[in-house]
Protein chains: 2
Amino acid sequence: MEIKSTANQRVKNWKKLALKKERKKQNKYLLDGLHLVKEALKSKERILEILVAESFNFIDELNIPKEIEIVNISNEVAKVISQTPSPQGIFAVLELPQINKNLKLDDGAWLMLDGVQDPGNIGTMVRTADAAGFKGVFIGKGSADIYNPKLVRSMQGSQFHIKVVEGDVLEGIELMNQKGWPVFGSELNDEAKNYSEVGKFDNFGLVMGNEGNGMSKEALSKTTDNLYIPIKGQAESLNVAVAAGILMFTLKK
Amino acid sequence: MEIKSTANQRVKNWKKLALKKERKKQNKYLLDGLHLVKEALKSKERILEILVAESFNFIDELNIPKEIEIVNISNEVAKVISQTPSPQGIFAVLELPQINKNLKLDDGAWLMLDGVQDPGNIGTMVRTADAAGFKGVFIGKGSADIYNPKLVRSMQGSQFHIKVVEGDVLEGIELMNQKGWPVFGSELNDEAKNYSEVGKFDNFGLVMGNEGNGMSKEALSKTTDNLYIPIKGQAESLNVAVAAGILMFTLKK
């Protein structure tokens, strides 16, 4: 199969996958770039098609199973469907993973995002949670969509390594409370503890809040402890993904 | 002074400040947003003019000294000169700080960037270095320009709190070696040490490398030790700004 024209209907549909509404409608999302396509091929996720631009010369590196459709596309088509200024020319279209309606948290460490907005920050935190040995990331309502192109890019394929679930943060915290796990908030208040003095844990939750407004009051009231990272200079705060990285690597046993 | 037309020559000049060549030529750079303008007013840097859009309602919060020219601009002009989709409508034009040709490193902790490319990563690292109590950040040749709009946005004003200098990373490391300070690289190799086992320091250097290729071989050969952050999951690496945050907060006494 070969598609050279940017006016082709399939090209239009791939381009629309940049929008959440269209991802839901088509039940698909797009991976852009060699590293992500490799990660998808290593995973058990269902790949619907792989798109290869004329300029892409590394097809032999990929070992694409016969049952996956390969579509050869022009460099113009690659430019149109990519969200990056210089696409590598290799894409995969994946089925959206099914959402499990019954919230279940396997034993392990969980990062919970309470209203974090920036897709790049969220993706970086999923990648860091993977590196820190976390079981998964719980993305609360009101955060950016997991399959947003920028978020997918900054996750670097970590959605294939750890669980990434969407749901209500308060429900998630309550479930952890029932299991007797500590749940750590990350807001500076009078009772907040220095993050480096609480120890290391196997099973726990860590909640990171919105970039500007922090965690919701309700979530804060349900945490076991709130932690702060002492600021030694004059910066008012840390970037949320940097703060999450410091906390995750310090708290995880 | 009031400027309503986007065709005005001063507007064109402000817009051009998004480009490094033009910043050098005009010897100016642009700050965009309330937080950054406040930080500039608190600092001792020379502010050439402050631009206020019609829609901006917080001018009373700013206490602008009488000697600084205020230019009232239309919302259209604000849109044209801003690099963000919804500008806050407040800008400051600053003189570019003079570059001191004689490299001098004051006592303290220094972050050194060896070929880091992404402006957002660099800005976040400067902000984190500020928060961690570092003396300054040394930006090696081949990294993005400090006054790139995206970099300025992610620094969040930390350039007014700590030193941000440009220069040759090898020279910087040699200067530290002469002073007898430890210089830590951040590349995984056979002799690399676990970052959490080297202790805490007052005066030292920490070198972070390029996002894809890491540090240069020459820089690596001049470090005291190379440190690694153990990866527990399946992620191949950490985002450079997250890794730098973990290392800075762990190493700084």
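Remember, it's a predicted structure, so these values are computed and weren't measured experimentally.

A.B. asks: For this particular structure, what's the right way to read the pairing of strand E11 (residues 204–209) of chain A?
C.D. replies: When a strand is regular, its side chains alternate between the sheet's two faces. Residues and elements named next belong to chain A. Of all 6 residues in E11, 6 are buried; the element is thus mostly enclosed. Burial of E11 is two-sided: the residues Phe204, Leu206 and Met208 facing one way and the residues Gly205, Val207 and Gly209 facing the other way are all buried. Bridging between strand E6 (residues 109–114) and E11 involves 6 bridges; their strand directions are parallel. Bridging across to E11, Leu113 finds its partner in Met208.

A.B. asks: So what exactly am I meant to see when it comes to the relation of the copies chain B and chain A here?
C.D. replies: Both copies of the chain are related by a screw-like operation: a rotation about an axis and a shift along it. Rotating chain B by 180° and translating it 0.0 Å along the rotation axis places it on chain A, where the RMSD comes to 0.0 Å. These values place the two chain copies in the arrangement generated by a two-fold rotation axis. Both copies present the same face, since 100% of the interface residues in chain B are matched by interface residues at the equivalent positions in chain A.

A.B. asks: I'm lost on the packing of helix H5 (residues 119–131) of chain A against helix H9 (residues 240–251) of chain A in this one. Help?
C.D. replies: A pair of packed helices is characterised by two quantities: the angle between their axes and the separation of those axes. All names here are of chain A. Taken N-terminus to C-terminus, the directions of H5 and H9 make an angle of 15°; their axes are 9 Å apart at the nearest point. Taken together, the axes of H5 and H9 lie roughly parallel to each other. Where H5 crosses over H9, the handedness of that crossing is right-handed. Side by side, H5 and H9 meet where Asn121, Thr124, Met125, Thr128, Ala129 and Ala131 of the first sit next to Val240, Ala241, Ala244, Gly245, Met248 and Phe249 of the second.

A.B. asks: Please explain the UniProt feature "domain: RNA 2-O ribose methyltransferase substrate binding" (unreviewed entry) in chain A as it appears in this structure.
C.D. replies: As recorded in UniProt, the feature "domain: RNA 2-O ribose methyltransferase substrate binding" (unreviewed entry) lies at residues 30–100 of chain A. Helix makes up 23% of residues 30–100 of chain A and strand 30%, with an end-to-end C-alpha separation of 21 Å.

A.B. asks: I keep staring at the environment of Ile3 of chain B and nothing clicks. Help me out?
C.D. replies: All names here are of chain B. Locating Ile3 in the fold gives a position in strand E1 (residues 2–3). When its relative accessible area of 2% is taken as the criterion, Ile3 is described as buried. Each C-alpha atom of the pair Ile3 and Ser74 lies 6.7 Å from the other, and the pair is 71 residues apart in sequence. Excluding residues within four positions of it along the chain, Ile3 makes contact with Asn8, Arg10, Val11, Trp14, Val71, Asn72, Ile73, Ser74 and Val77.

Rules and cut-offs
Residues numbered from 1 in each chain as written. Chains lettered and ligands numbered in written order. Predicted model: local features only at pLDDT ≥ 70, side-chain atom pairs only at ≥ 80, totals over all residues. Heavy atoms only, no water. Buried < 20%, exposed > 50% of the residue type's maximum accessible area, 1.4 Å probe, protein only. Helix = DSSP H or I, 4+ residues; strand = E, 2+ residues; numbered from the N terminus. Pairing = 2+ DSSP bridges. Least-squares fit on C-alpha atoms with pLDDT ≥ 70 in both. Contact = heavy atoms within 4.5 Å. Axes fitted to C-alpha atoms, helices over the stretch in contact; angles between N-to-C directions. Parallel < 35°, antiparallel > 145°, perpendicular 65-115°, else oblique. Left-handed = near helix turned anticlockwise from the far one by under 90°. UniProt positions renumbered as here; feature names shortened; annotations may be inferred.

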